[in-house]
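Breakdown of the fold
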Amino acid sequence: MRVVFDVNVFVAAVMAGESTWPVIEKVPPTSGSASADCLSLAFDADSFQLFSSPHVLKNIVTVLTHHGYSDQLVAKYLDLIVDVIEFSGGAVIEPPQRDWGIADFEDNRLLDLLVTADADVLVSDDADLTSLNPWNGRLILRPHEFVNRLLQNRRSR
């Protein structure tokens with residue numbers, strides 16, 4: 001399975017009150033932060049390939065810096081994200097920009113990535129995106145929905 005995480009998933013994995021960052025907890029059991037659990041499951045490299053883009057990575061830096069995270073910590077987290085992406089068998093790719101008829105520029109860029117990566121799932125906590133589910137034959141799931149589905153699939157194997 002090929003998966004894309006929205007910026008908000010990467011940011012919440014660090015900033016959510018239940019986050020265990022910099023420790024990546026093994027799932028299951030869940031950590032209390034669905035976004036952190038998404039990152040942990042990607043780190044397993046067992047369930048899916050994770051894809052991202054330079055645009056997503058740049059936005060992660062922007063948000064974390066805006067919230068007072070040090071440049072050193074942000075760089076360390078970005079390195080971890082890229083390592084997790086590569087370890088999962090995914091990649092950081094630069095998708096061509098298209099107009100999908102979505103008003104939000106950032107949402108259009110995520111859909112570009114979803115299509116270019118030929119991903120099956122976009123994980124996002126953005127209500128505008130999740131309201132599109134399913135979109136062009138692809139699922140758009142909230143982090144907790146994604147984690148629950150993966151864990152159910154593991155149990156049924």
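Residues numbered from 1 in each chain as written. Predicted model: local features only at pLDDT ≥ 70, side-chain atom pairs only at ≥ 80, totals over all residues. Heavy atoms only, no water.

Describing the sheet that holds strand β2 (residues 49-52)
Read from one edge of the open sheet, 5 strands run β3-β2-β1-β4-β5, paired in parallel fashion. Bordering the open sheet on either side are β3 (91-92) and β5 (139-141), each of which pairs with just one other strand. Alignment of strand β1 (residues 2-5) against β2, held across 3 bridges, turns out to be parallel. From the neighbouring strand, V4 faces β2, where its bridge partner is F51. Across the sheet, helix α5 (residues 105-116) touches β1, β2 and β4 (121-123), and the angle it forms with β1 is around 165 degrees. (Pairing = 2+ DSSP bridges. Helix = DSSP H or I, 4+ residues; strand = E, 2+ residues; numbered from the N terminus. Contact = heavy atoms within 4.5 Å. Axes fitted to C-alpha atoms, helices over the stretch in contact; angles between N-to-C directions.)

Examining the nonpolar core
Residues F5, I60, Y77 and F146 are the most contacted members of the largest nonpolar core, which totals 46 residues. Looking at this core, the element that brings in the most residues is helix α4 (residues 71-87), giving 7 residues. Non-local contacts of F5, meaning those with residues more than four positions away in its chain, are made with F10, C38, L39, A42, F48, L50, F51, V56, L110, L122, V123 and F146. (Core = buried A, V, L, I, M, F, W, Y, C linked by side-chain atoms within 4.5 Å. Buried < 20%, exposed > 50% of the residue type's maximum accessible area, 1.4 Å probe, protein only.)

Regarding the side chain of S35
Inspection of the secondary structure puts S35 in helix α2 (residues 34-44). Accessibility expressed as a relative area gives 5% for S35, which makes it buried.

Focus on the packing of α2 against helix α7 (residues 143-156)
Direction vectors running N to C along α2 and α7 enclose 45 degrees, while the axes themselves pass 8 Å from each other. In terms of orientation, α2 and α7 fall into the oblique class. Note that α2 runs across α7; the crossing there is left-handed. Contact residues: A34, S35, D37, C38, L41 and D44 in α2; P143, H144, F146, V147, L150 and R154 in α7. Taken together, the residues that form the contact of α2 with α7 break down as 7 nonpolar, 2 polar and 3 charged. (Parallel < 35°, antiparallel > 145°, perpendicular 65-115°, else oblique. Left-handed = near helix turned anticlockwise from the far one by under 90°. Nonpolar A, V, L, I, M, F, W, Y, C, P; charged D, E, K, R; others polar.)

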